[in-house]
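Below are the chains, spelled out letter by letter.
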Amino acid sequence: MPRHQAVFDDYSSAVPQIIIASTDSDFLDHLIPALKDAAHSRRTQALLQCLTRYAEDREADIERIGLTKHEQFLDSVSRLQHVREDTVNLTKEILKLNQSIQASTEKLAEQKGALVNTKAIRQNIADATEALRESLKVLHAVNHAHDLIRQKNYYSALKSLDDLQNEHLVPILQNRYATQHRLADVIQKSIPGSRKAISEAVMTDLNTWLFRVRETSQFLGEVAFYHTEMRRSRQRKRVEEDQFLANFKLNSSIELVCDESEEFDVLDNEELQINFEPLFEALHIHDALGQSDRFRAEYAATRRQQKDLLLPSSVELLTDDESSLSSLLEGIAGFAIIEKETMRRVPQLRSAADIEELWESMCSAAISLTSRALNDVNNAEVLLKIKGFIALFVQTMEGWGYSISTLDSFLLTLFDKYAELLKHRFSVDFQEIVSTDDYMPMAINSREEYEKVINVSWFMQSQAVEDVMYINTAHREGYTIPHLADGIEQSLDELLTEKVCLSLVERLSSQYLGQIVQILINLEHFEIACQELEQLLIRARSSSSAGGPLKLNATDEFRNNKKTAEKRIFELVNSKIDDLVDTAEYDWLAAAVAPEPSNYMQTLTRYLSNIMNSTLLGLPREIKELIYFDALSHAANKILALPLSPEVHNINSNGVAALALDVQYLTEFVSSLENGQMLRENLDELQQTVNLMESDNHDEFFDISTRNKKYGRVDALNGPMLLEKIIPVSQGAGRAAPLSNLSSRFGMMK
């Protein structure tokens, strides 16, 4: 800190301070401000005067001391002279000593030079030793890193290289004068190679692991399939104990909860262990090397290559060897399980999109291979076995969270093929049955036979045992996969419509009533079977399918063709009635009354009785009644047409009596039947017409009030025509009664 310069107003006080300064610096420090101040103030003369006065005062003091203390002064001078002499002597001795010291110093300097040289050598040796020691540390660290690489302790080796670089090489390289600089530079340049060696060694181990995993994929898939089959068995057992669990399929939340007690790890069990440590180490090493992106790309490429190697060029669906479908599906399952577990354990390595892409690629390839091989499959049982493999594959992979929509679509295609094979087999069998069937009711002789029939048909068991009729139906081998319900509906509908119903309808042209009746019965039971199938298919629908009613087209086809069969029965029965009535040989101008009913009438009633008690027995009651109702109505019209024939010109009372006897016989037969009172209504017109012809008072017919009471069912045109043909018995053949009166009356009535 600079000294503070004083400002002097009176030099009388400043001069003593300047004079008595202990050092030259102090003297100047006091003198310079006084000089500056004197220059500025033009007080230089005052300063000189003060200095002069101070010098005179000192001289006066010296003189006074010399006058007052003369003796002491002289004594001091004498002593000072002796001191001077001693000083001269001492100086000589010092000079001698200095010469001696100088000689010794030169010798010592030589020794010191030698010592310095010795110390430099020792320092160089120490420096070299230290440098060697440091170099040995570096080399030891290098050797340690390479030993770790040879021991496959790659991460530790990588860490050792980092420590080598940070703790040893970097400090040395930063000091360009360090003795180990060249060695450190060489080692520094070798580190990238060492890291590359570590990376290559890790990838070699990883590729070995990937190869083993690929070789294990099929066995892993086999273990996974076995585990799924065990879950199936446990689920079936739980369903047997609690039917409510039947509503929940495999892999549903309820099923998974129920199966929690049966823990099983397909990747780590008694038969198989998959160790993911090589993958973890490889990822960790490449992450430490800053090569994560490159590693992920290489790993993905490797897995794609392995996927391609996993897929064969073709598969055999008829064998159980290594090229079979089951082996392919097991391999795909194992590969996909490894992928899904890899993503779960190392999310940053595999993305969901990559795994789904591989999965869809493998599924598409498997479907393509299987589709090509399906051309050689013509056996439904083999196809059902193939479906079993794929269904097991689907349920296994669904449990691992994979999308199965592509496989579901293929299962529908597979089912179409299966349905075609079944339809073909059924068509051949059914055509053979239809061509060889005698269309007669099956006789059931025991309860066991009855149970067998019930098991293969939807028979209404409320009917009596003796009414059981065998139905030639195809028992469907059920696909247990719910989403195949739509395919089942379509295939079953086509089968029932095009094969069963059409085959039965084609045989309705038969002239045998019993065959037509049996076809009608079969159509009736197939209609019932279709209704039961509709309910069965509704129950087979999965919970995710659209609800609502289900209607098979075959149901309407069977129902509509029942009407066709009924019409055909009407045609045959009416044709037989026509044939019988056409054999009637009435003598309309007979000379005597017929003693008994005509032969045709007796044959007609026997025919109607026989078909009711035998041929038509198996028909539903309402159909039988309808046939009988139609047959009686047709017979009545046919009999009534006999006297109305243009060829009949005259009818006497004996001819009317013969007709009346036959009509009475027919009426009594109908009255004896079940619901005879209702069936007799079909004979009312015939009966009233005959009563009119027997009446002696024909005028009653022309009286509207009387006619409505007695002859209300008689046709207004037929009545007068018949009355015009009535003649007395006494009149000869070919004579006609007068027509003018009847005609005029009929005209008045109208």
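Sequence order sets the numbering: in each chain, residues are counted from 1 along the sequence as written. A pLDDT threshold of at least 70 governs which residues receive local features in this predicted model, and a stricter bar of 80 or more applies before side-chain atom pairs are shown or counted, although totals over entire chains, interfaces and linings include all residues. Excluded from the side-chain calculation are hydrogens and water; included are all heavy atoms of the structure.

In the annotation of an unreviewed UniProt entry, the protein chain is listed under the name Exocyst complex component SEC15 and assigned to Metarhizium album. UniProt positions are given in the numbering used here, feature names are shortened, and annotations may be inferred rather than shown by experiment. Regarding the protein chain, the relevant UniProt record gives this comment under Sequence similarities (unreviewed entry): "Belongs to the SEC15 family." Of the comments in the UniProt record for the protein chain, the one headed Function (unreviewed entry) reads "Component of the exocyst complex involved in the docking of exocytic vesicles with fusion sites on the plasma membrane."

Undergrad: An account of the overall build of the protein chain is requested, with residue identities and associated values reported.
TA: For the protein chain, the helix and strand inventory stands at 26 helices and 0 strands. A burial count over the protein chain gives 40% of its 750 residues as buried. In the protein chain, the share of contacts with a sequence separation of at least 24, taken over all contacts with a separation of at least 6, comes to 73%. Under the convention used here, a 1.4 Å probe and the Shrake-Rupley method define accessible areas, while residue burial counts only the protein chains that appear. Of the roughly 43100 Å² of accessible surface on the protein chain, a fraction of 52% belongs to carbon and sulfur atoms. Labels follow the DSSP assignment, with helices taken as runs of H or I lasting at least four residues and strands as runs of E lasting at least two, numbered in each case from the N terminus. Burial classes: relative accessible area under 20% of the type maximum marks a residue as buried, over 50% as exposed, and values in between as partly exposed (1.4 Å probe, protein chains only). Any two residues having at least one pair of non-hydrogen atoms within 4.5 Å are treated as being in contact.

Undergrad: Go over the packing of helix H19 (residues 621–644) against helix H25 (residues 718–725), please, and point to the residues and values.
TA: For helices, the axis comes from a line fit to the C-alpha atoms of the stretch in contact; other axes are also lines fit to C-alpha atoms, and the angle between any two N-to-C directions lies between 0 and 180 degrees. Contact geometry for H19 and H25: axes closest at 10 Å, N-to-C directions at 45°. Compared by their axis directions, H19 and H25 come out oblique. Residues Leu640, Pro643 and Leu644 of H19 lie in contact with H25, whose contacting residues are Asn718, Met721, Leu722 and Lys725. Of the residues belonging to the contact of H19 with H25, the class tally is 5 nonpolar, 1 polar and 1 charged. Note on angle classes: values under 35 degrees are labelled roughly parallel, values over 145 roughly antiparallel, values of 65 to 115 roughly perpendicular, and the remainder oblique. Residues are grouped as follows: nonpolar covers Ala, Val, Leu, Ile, Met, Phe, Trp, Tyr, Cys and Pro; charged covers Asp, Glu, Lys and Arg; every other residue, Gly included, is treated as polar.

Undergrad: Could you give an account of the nonpolar core, with specific residues and numbers?
TA: Residues belong to a common nonpolar core when they are buried Ala, Val, Leu, Ile, Met, Phe, Trp, Tyr or Cys residues joined through side-chain atoms within 4.5 Å. Formed by 73 residues in total, the largest nonpolar core has its most connected members in Phe558, Ile569, Val573, Leu608 and Leu619. Elements that contribute at least two residues to this core include exactly helix H13 (405–436), helix H15 (485–506), helix H16 (513–540), helix H17 (553–582), helix H18 (599–615), H19, helix H20 (653–672) and helix H22 (684–694). Domain borders in the structure are assigned automatically or taken from a domain database. Mapping this core onto the domain boundaries places at least three of its residues in each of domain 3 (482–575) and domain 4 (583–727). Not counting the four nearest positions on each side in its chain, Leu619 is found in contact with Val517, Leu520, Ile521, Ile569, Lys624 and Ile627. Grouped together as the second largest cluster of nonpolar side chains are 69 residues, Val223, Val377, Ile404 and Leu421 included.

Undergrad: Quick one: what's the story with the side chain of Arg568, residue by residue and with numbers?
TA: For Arg568, the location among the structural elements is in helix H17. On the accessibility criterion, Arg568 (15% relative accessible area) is buried. Contact partners of Arg568, with chain neighbours within four places excluded, come to Leu508, Ser509, Ser510, Gln511 and Ile516.

Undergrad: An account of the packing of H22 against H25 is needed here, citing residue identities and associated values.
TA: Packing of H22 against H25 brings their axes to within 10 Å, and their N-to-C directions diverge by 35°. Pair H22 / H25 crosses with right-handed handedness. Judged by residue contacts, Glu685, Thr689, Leu692 and Met693 of H22 engage Asn718, Gly719, Leu722 and Leu723 from H25. Looking at the contact of H22 with H25 residue by residue, the classes come out as 4 nonpolar, 3 polar and 1 charged. Crossing handedness follows the turn of the near helix against the far one: under a right angle anticlockwise gives a left-handed crossing, and clockwise gives a right-handed one.

Undergrad: Could you give an account of the environment of Leu329, naming the residues involved and the relevant values?
TA: Mapped onto the elements of the fold, Leu329 is located in helix H10 (residues 325–345). You can call Leu329 buried: its relative accessible area is 4%. Sequence separation between Leu329 and Cys363 is 34 residues, and the spatial gap between their C-alpha atoms is 9.1 Å. Excluding anything up to four places from it in sequence, Leu329 contacts Phe225, Phe389, Ile390 and Phe393.

Undergrad: Break down empty space enclosed by the protein for me, citing the residues and quoting the values.
TA: Vacant regions in the atomic arrangement are exposed by a probe of water-molecule size rolled over the atoms. The pocket and cavity definitions rest on a 1 Å grid over protein atoms only: a 1.4 Å probe that fits but cannot leave marks a cavity, an open set with protein on both sides within 12 Å along at least five of seven lines marks a pocket, and residues lining either have an atom within 4 Å of a point. Grid points are joined across faces, edges and corners, and a volume is the space filled by probe spheres set on the points. For the structure on display, the rule yields 5 cavities of 30 Å³ or more. Estimates place the volume of the largest cavity at around 60 Å³. Lining the largest cavity are Leu325, Leu329, Cys363, Ala366, Ile367, Thr370, Ile390, Phe393, Leu407 and Phe410. At the level of elements, H10, helix H11 (352–373), helix H12 (380–398) and H13 are the ones that each hand at least two residues to the lining of the largest cavity.

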